[in-house]
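# Coordinates in review
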Amino acid sequence: MKRIIIFLIALSSTILVSAQSVLSFCARGGLDLLMPKSEYSTKAKLGFAGNFDIGYTYYWNTRNSGDWGIHTGASFGYAQNRTLLEFTQQYTNYDYLNIEMLYTTSGALDAELQRMYVEVPLMAAFRYHGFVMQLGMKAQCAVWSRAQQSLASPVIDAYYVPFSVHVTNELISGLVANEDLQKTYSDIAPRMNILVGGRLGYEFGVGDTGLLGIMAYVDYNVWNTSSFKTNQALISVAPVTDPVNPVPAVTVNSAFTSLISRINPLQVGITLYYGLSFEK
């Protein structure tokens, strides 16, 4: 046992002597694309993202073949983007006289999603004569999110089946209120996310222990907890159940719970960083 302990201590000392670590402070920013999944007509607009990272990279010096290592740290970021949608939905209601009413709702929507998040990366790192590369995974948690949407040209068409009569955008069969054309919803973005990412760039020394670097990066959200349930209508008209006040309640729901089934955001951009190199 004593020999094993001595061997492990000697091995650890050898690794530490031939290793180097870098503590880095990074600012990165670029484009953010929401990549929404929907059965409706969807057009995703390019958004933007900004992040601040504190990173730690541990390298093993392999001399002629470059340095291999592992990179981790913590990040805080903000992203914002927009999605344009057009929709037509149908469902059936029955009033207090059991009269069948076939509803057709339609309109155009501009939905903006804002989110703040923290990330923890775990990536393989490589460097060789100033060339640097990192590849791996990231765990991301959304700490705040908000969706703001604008509804244009809403139509509520109620078809009274027994009478073959259409009633469109009338209070008696359902009408979208003006205050519901612009709405805000909280906690929309997926809480937990798994990303795959890569960075590629160049760094050079500054002084005895300093480093300056620039890298291009790409992050893609391969899994998250969104699972939006699109089983509710965007414009939901309640059945008429009160003969004294036969005016149905109309609710405008979020596009992210009515029209979009999943999002898998993609980010691309540039990272600038300053690092402190520690020889061991």
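Heads up: the structure comes first, above all this text.
Below or above, wherever it landed, is the structure these notes cover. Position numbers for residues start from 1 in each chain and track the written sequence from start to end. Confidence filtering applies because this is a predicted model: local features only for residues at pLDDT of at least 70, side-chain atom pairs given and counted only at 80 or more, and all residues used for totals across whole chains, interfaces and linings. Side-chain descriptors were evaluated using all non-hydrogen atoms of the structure, hydrogens and water having been removed beforehand.

### Examining the environment of M137
In plain terms, the rule: Secondary structure elements are defined from DSSP: runs of H or I of at least 4 residues count as helices, runs of E of at least 2 residues count as strands, and each element is numbered from the N terminus. Contacts were defined at the residue level, with two residues in contact if any of their heavy atoms lie within 4.5 Å.
As for its placement among the helices and strands, M137 is situated in strand β6 (residues 131-160). Spatially, the C-alpha atom of M137 lies 12 Å from that of G73, the residues being 64 residues apart in sequence. Setting aside residues up to four positions removed in sequence, M137 forms contacts with V120, P121, L122, M123, I194, L195 and V196.

### Structural notes on the pairing of strand β7 (residues 165-168)
Here is the rule we go by: Between any two strands, at least two bridges found by DSSP are needed for them to pair.
In the sheet, β6 pairs with β7 via four bridges, with the strands oriented antiparallel. Within the sheet, the bridge partner assigned to D157 lies in β7 and is T168. Hairpin geometry of β6 and β7 is characterised by an intervening segment of four residues between the two adjacent antiparallel strands and by a positive phi of about 55° at S164.

### Structural notes on the environment of E279
Mapping E279 onto the fold places it in strand β14 (residues 266-279). Residues E279 and A19 lie 260 residues apart in sequence; the distance between their C-alpha atoms is 6.8 Å. With residues up to four places along the chain from it excluded, the contact list for E279 reads A19 and Q20.

### So, empty space enclosed by the protein
Keep this limit in mind: The method works on a 1 Å grid over the protein atoms by themselves. A cavity is a set of points holding a 1.4 Å probe that cannot get out, a pocket is an open set with protein on both sides within 12 Å along at least five of seven lines, and residues with an atom within 4 Å of a point line them. Grid points are joined across faces, edges and corners, and a volume is the space filled by probe spheres set on the points.
On inspection of all chains with the given rule, the structure shows four cavities of 30 Å³ or more. Its boundaries defined by the atoms lining it, the largest cavity holds a volume of some 120 Å³. Forming the boundary of the largest cavity are 13 residues, of which S24, T57, Q134, E203 and Y273 lie nearest the centre. If one sorts the elements of the lining of the largest cavity by residue count, strand β1 (residues 19-33) sits on top with three residues.

### Points about the nonpolar core
To keep things clear, this is the line we draw: Residues grouped as a nonpolar core are buried Ala, Val, Leu, Ile, Met, Phe, Trp, Tyr and Cys residues, joined through side-chain atoms within 4.5 Å. Note on classification: 1.4 Å probe, protein chains only; a residue is buried when its accessible area is under 20% of the maximum for its type, exposed when over 50%, partly exposed between these limits.
Ranked by internal contacts, the top residues of the largest apolar core, which has 31 residues, are L151, L234, I235, F256 and L259. Breaking this core down by element, the ones donating at least two residues are β4 (67-94), β5 (100-128), β6, β11 (235-237), β12 (250-252), α2 (255-258) and β13 (260-263).

### Overview of the packing of aromatic side chains
The test is simple: Two aromatic rings, drawn from Phe, Tyr or Trp (for Trp, its six-membered ring), form a pair once their centres lie within 6.5 Å of each other, and the interplanar angle then sorts them: stacked below 30 degrees, edge-to-face above 60, tilted otherwise. Charge over a ring is defined by NZ of Lys or CZ of Arg lying within 6 Å of the ring centre and within 35 degrees of the ring normal.
Going through the model one piece at a time under the given rule, you end up with five aromatic pairs. Here the aromatic rings of W68 and F126 are separated by 4.5 Å at their centres, their planes lie at 45°, and the arrangement is tilted. Of the two residues, W68 sits in strand β4 while F126 sits in strand β5, which places them 58 residues apart along the sequence. Classification of F126 as buried rests on a relative accessible area of 13%. Between Y91 and Y103, the aromatic rings sit 5.7 Å apart at their centres with planes inclined by 15°, giving stacked as the arrangement. In this pair, Y91 is assigned in strand β4 and Y103 in strand β5, connecting sequence segments twelve residues apart. Residue classification places Y103 among the buried positions, given a relative accessible area of 0%. Of note, R28 hangs over the ring of Y217, and the distance from its end group to the ring centre comes to 5.1 Å.

### Points about the layout of surface pockets
This is how the line gets drawn: For this classification, the nonpolar set comprises Ala, Val, Leu, Ile, Met, Phe, Trp, Tyr, Cys and Pro, the charged set comprises Asp, Glu, Lys and Arg, and every other residue, Gly included, is treated as polar.
Estimated volume of the largest pocket: approximately 240 Å³. As for the largest pocket, its lining consists of 16 residues, and the residues nearest its centre are D67, R127, H129, G130 and E203. For the lining of the largest pocket, the secondary-structure elements that each account for two or more residues are β5, β9 (192-206) and β10 (210-224). Classifying every residue of the lining of the largest pocket gives three nonpolar, eight polar and five charged.

### What to know about the pattern of salt bridges
Opposite charge on two side chains allows them to pair when their charged atoms are near. Just so we agree on the cut-off: Any Lys or Arg side-chain nitrogen found within 4 Å of a carboxyl oxygen on Asp or Glu counts as a salt bridge.
Under the criterion given, the structure shown has eleven salt bridges. As a salt-bridge pair, D110 and R82 come within 2.7 Å of each other at their nearest N and O atoms. With a gap of 28 residues between them, D110 in strand β5 and R82 in strand β4 connect regions that are remote in the sequence. The class of D110 is partly exposed, set by a relative accessible area of 24%. A residue is classified by how much of its surface remains accessible, and R82, at 33% relative accessible area, is partly exposed. Via salt bridges that share partners, R28, D53, E119, K138, R199 and D219 belong to a single interconnected network.

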